[in-house]
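Here is what each chain is made of, one letter per residue.
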Amino acid sequence: ALATASFEAARQTVSAWINAPNASSVIFTRGTTEAINLVAQSFGGHHFKPGDVILLTEMEHHSNIVPWQLIADRTGAVIRVIPVTPTGELNLDEFDQMLSKGVRLLAMTHVSNVTGTINPVAEMIDRAHQQGALVLIDGAQAAAHMAVDIQALDCDFYAFSGHKMFGPTGIGVLYGKSHLLEAMPPWQGGGEMIEQVSFAGSTWNQLPFKFEAGTPNIAGAIGLAAAVDYLQQLDHELVSEHEQRLTDLTLAGLRQIDGIRLIGDAEHRLGAVSFVPKAGHAHDIGTLLNEQKVAVRSGHHCAMPLMAALGVSGTVRASFCFYNTESDVDRLLQAVAKACSFL
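The rules behind these values
- Residues numbered from 1 in each chain as written.
- Predicted model: local features only at pLDDT ≥ 70, side-chain atom pairs only at ≥ 80, totals over all residues.
- Heavy atoms only, no water.
- Salt bridge = Lys/Arg side-chain N within 4 Å of Asp/Glu carboxyl O.
- Helix = DSSP H or I, 4+ residues; strand = E, 2+ residues; numbered from the N terminus.
- Core = buried A, V, L, I, M, F, W, Y, C linked by side-chain atoms within 4.5 Å.
- Buried < 20%, exposed > 50% of the residue type's maximum accessible area, 1.4 Å probe, protein only.
- Contact = heavy atoms within 4.5 Å.
- Pairing = 2+ DSSP bridges.
- Axes fitted to C-alpha atoms, helices over the stretch in contact; angles between N-to-C directions.
- Arc of directions from axis to C-beta.
- 1 Å grid on protein atoms, 1.4 Å probe; cavity = no way out; pocket = protein on both sides within 12 Å on 5 of 7 lines; lining within 4 Å.
- Points joined across faces, edges and corners; volume = space filled by probe spheres on them.
- Nonpolar A, V, L, I, M, F, W, Y, C, P; charged D, E, K, R; others polar.
- Parallel < 35°, antiparallel > 145°, perpendicular 65-115°, else oblique.
- Left-handed = near helix turned anticlockwise from the far one by under 90°.
- Expected span 1.5 Å × (residues − 1).

Visitor: Please provide a residue-by-residue account of the pattern of salt bridges, values included.
Guide: Scanning all chains against the criterion turns up eleven salt bridges. As a salt-bridge pair, R30 and E34 come within 2.9 Å of each other at their nearest N and O atoms. Salt-bridge contacts for E123 lead to R127; the nearest nitrogen and oxygen are separated by 2.1 Å. Taken together, the positions of E123 and R127, both in helix α5 (residues 121-130) and four residues apart, correspond to about one turn of that helix. A single salt-bridge network, built from bridges that share partners, covers E8, R11 and E212.

Visitor: Mind laying out the nonpolar core, listing which residues take part and the relevant values?
Guide: F28, Y158 and M165 are the most contacted members of the largest nonpolar core, which totals 59 residues. No other element matches helix α8 (residues 218-232), which puts five residues into this core. Filtering out sequence-adjacent residues up to four positions away, Y158 remains in contact with H110, I137, G139, A142, V148, I150, L153, V173, L174 and Y175. Counting residues in each nonpolar core, the second largest holds 26 residues, with A35, F48, L56 and W68 among its members.

Visitor: Tell me about the sheet that holds strand β10 (residues 260-263), and please be specific about residues and values.
Guide: Whether parallel or antiparallel, the strands of a sheet pair through hydrogen bonds between backbone atoms. Reading across from one edge, β10-β11-β13-β12 is the order of the four strands in this open sheet, with antiparallel pairing throughout. Looking at which strands have only one partner, the edges of the open sheet turn out to be β10 and β12 (297-299). Taking the axes of each pair of neighbouring strands and ignoring which way they run, one obtains an average angle of 30° across the sheet. Two strands pair when backbone bridges link them, and β12 and strand β13 (residues 315-319) are joined in this way by three bridges, in the antiparallel orientation.

Visitor: Got a sec to walk through α5? Specific residues and values, please.
Guide: Within α5 the residues assigned to the buried category are V121, M124, I125 and A128. On an axial view of α5, the arc spanned by its buried residues comes to 105°, and they lie on one face. Contacts from the buried residues of α5 go to β3 (78-82), α4 (92-99), β4 (103-109), β5 (134-138) and α6 (150-153). Note on α5: the residue one or two positions beyond its end, G132, has a positive phi of about 85°.

Visitor: Report on the environment of G132, specifying residues and quantitative values.
Guide: Among the secondary structure elements, G132 is positioned in the loop between α5 and β5. The exposure class assigned to G132 is exposed, which follows from its relative accessible area of 54%.

Visitor: Could you give an account of the layout of surface pockets, with specific residues and numbers?
Guide: Considering only enclosed or pocket space, the largest pocket measures out at about 950 Å³ in volume. Lining the largest pocket we find 39 residues, and of these Q141, R317, S319, F320 and Y323 sit closest to its centre. Looking at the lining of the largest pocket, the elements with two or more residues in it are α2 (32-47), β13 and α12 (326-342). Here the second largest pocket is characterised by a volume of approximately 230 Å³. Lining the second largest pocket we find 17 residues, and of these F28, T29, E34, A213 and P216 sit closest to its centre. Contributions of two or more residues to the lining of the second largest pocket are made by β1 (26-29) and α2. The residue makeup of the lining of the second largest pocket, split by class, is eight nonpolar, six polar and three charged.

Visitor: Give me the packing of α2 against helix α3 (residues 66-75): which residues, what numbers.
Guide: Pairs of packed helices are described in terms of their axes, by the angle between the two and the distance that separates them. Where α2 meets α3, the closest approach of the two axes is 9 Å, and the angle between their N-to-C directions is 20°. In terms of axis orientation, α2 runs roughly parallel to α3. Here the hand of the crossing between α2 and α3 comes out right-handed. Residues I36, N37, V39, A40, Q41, G44 and G45 of α2 pack against P67, W68, L70, I71, R74 and T75 of α3. For the contact of α2 with α3, the per-class residue count stands at seven nonpolar, five polar and one charged.

Visitor: Got a sec to walk through helix α1 (residues 2-17)? Specific residues and values, please.
Guide: The end-to-end C-alpha distance of α1 is 22 Å, a good match for the 22 Å that 16 residues give at a rise of 1.5 Å each. Those residues of α1 lying buried are F7, A10, R11, T13, V14, S15 and W17. N19, located one to two residues past α1, shows a positive phi value of around 55°.

Structure representation (structure tokens):
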């Protein structure tokens, strides 16, 4: 009873954090990936018809590409892709043209995990709704860095992961508008998601339990709620200013290093900075930085189509959060300059 009470209290905490209209529209999943797969298989499998258009963007993480490819293959739906500009922003003129051509669902990231680009999601959701399309937002990169107000955005689905916001791994959230979730069939079957079971047939539990088959990740949900409680104690305006200052210092410093080319230069961005060496490979810089005890990620960042669009095979990505300092930026820049001298 105590575990159940704590689990449901965690749902209330997460629901309030994103300003969901009710806690029953908040479904616990294993992460953003499972949340998107749930919508693709349940909503898409039930509603998509041959020729229906699923609109994605070139900057999507593979988790917001592959599930749609799988369901498109199954249903005959067609995937179209909004291109990015050389600065790593979405081409909104192309977006408007594509929207008028039978789009059933727009699935897009709130923030790019490669360039830190913040997409104008509220504006794009509004435009999509005017054309009769539903919208799913991949919020994995946004949840820890900016206030997410589900009701203000008016998106139809929103997905994010606990481990991106200082919670445990293996826990995530799918928000969906209640009337959509009610109309969607269960994605997985088993305990907890049923009301009555007989060999003649079964009936389903009410929301959110219809989509939570089996023993839930109780500890993970409680851990996620603890992370939310922690984040709520922070001054988000102050955090945003701090992260922006570190990002600006990094960009300015990298521009002074001859052997480096910046990738993405969006006007609105969060604290992720991608760059490539003019000589050598991104992995070379990553390895040399690692030897200097500077932690970055190098590679395609599970965003191969974006790499292709930007004309690179991979990038080095430095990511900033509120716990980073200006001395971290100095160490990064010194380490990058030293690494370039070896290449």
